[in-house]
Amino acid sequence: MGCSWQEIEEAANKLGLFMRGGFHCTAEDDVPDLLSGEKASSLLLLGNAGGSLWQEFSSSSEYCDDAPDPLDRWSRRILGQLAEAFGGVALLPSDGPPYLPFQAWARRAEGLRSSPIGPLIHPRYGLWHAYRGALALPSMVNGIPEQLDSPHPCDTCELKPCLSSCPVGAFTENSYDVGSCVKHIAGPDEGSCMAHSCLARRACPIGRDYLYEDAQSRFHMVQFLKARLQSA
């Protein structure tokens, strides 16, 4: 039996996740088969815009237990509950290798494009959004929103302050110097990047109403730094 976007949205919101678009699957989308072996008919992306998940996540056992990857583990648990409720499979960006094509799915679902500093930019949320996972479902979900009909916000941004605001000049239009970034935020002069989030990201004029609060920003910066130091 099919289900509707609204049904899934209501269930997701209660658990702290925000619906981020979706589509009816084709072979070109590279969506994994369901546990039954049948093909997925619909893929729905879920995540956050601004602080939409922070209250639920920051009060969770995963946030408080000091074990690695708390947000991934919380996302897996919550998406697993939704998958069980609607007869689908939960998929996460951390699944792999090989990793799933979440960037391509996001472009397909919402029509987003990359910002000059890399992450996909939303015309409303700016850079203050994320995809935490997806639901692959056996039925054709009714009511999936169409792609956004909005111009790419970076096309009309002449100054592009995101490229000039990094204190160590880590960003250009063609590259991101991860080493300089990590050295800066890991050092004694970490500055406001660790406390308030990446200055280049904060410089973007789009989505100012969705900036993460300081606790959420610092959490993400700490997790980013831990991951980079562990992989060094």
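In case you missed it, the structure is sitting above this.
Residues numbered from 1 in each chain as written. Predicted model: local features only at pLDDT ≥ 70, side-chain atom pairs only at ≥ 80, totals over all residues. Heavy atoms only, no water.

Attention now moves to the overall build of the chain. Per the secondary structure count, the chain includes 9 helices and 6 strands. When each of the 232 residues of the chain is scored for burial, the buried share is 43%. Taking the contacts inside the chain whose residues are at least 6 apart along the sequence as the reference set, 69% of them involve residues at least 24 apart. Of the roughly 12100 Å² that the chain leaves accessible, carbon and sulfur atoms contribute 51%. (Helix = DSSP H or I, 4+ residues; strand = E, 2+ residues; numbered from the N terminus. Buried < 20%, exposed > 50% of the residue type's maximum accessible area, 1.4 Å probe, protein only. Contact = heavy atoms within 4.5 Å. Areas by Shrake-Rupley, 256 points an atom, 1.4 Å probe, with all protein chains shown as cover.)

Before going further, it helps to spend a moment on the pairing of strand β6 (residues 129-137). Within β6, 8 of the 9 residues are buried, leaving the element largely enclosed by the surrounding structure. Strand direction decides the pairing type here: strand β2 (residues 42-49) and β6, joined by 8 bridges, are antiparallel. The partner of Leu46 across the bridge, within β6, is Gly133. Looking at chain direction, strand β3 (residues 89-91) and β6 are connected through 3 bridges and run antiparallel. Bridging from a neighbouring strand, Val89 pairs with Ala136 of β6. (Pairing = 2+ DSSP bridges.)

One pass over the full model with this rule turns up 12 aromatic pairs. In this structure an aromatic cluster arises from ring pairing among Trp54, Phe57, Tyr63, Trp74 and Phe219. (Phe/Tyr/Trp six-rings, centres within 6.5 Å; stacked < 30°, edge-to-face > 60°.)

Between its terminal C-alpha atoms helix α9 (residues 214-231) stretches 26 Å, which fits the 26 Å expected from 18 residues at 1.5 Å a residue. Every buried residue of α9 is listed here: Gln216, Ser217, Phe219, Met221 and Leu225. Where the residues of α9 are buried, they touch β2, α2 (54-58), α3 (61-64), α4 (70-86), α6 (178-186) and α7 (191-196). (Expected span 1.5 Å × (residues − 1).)

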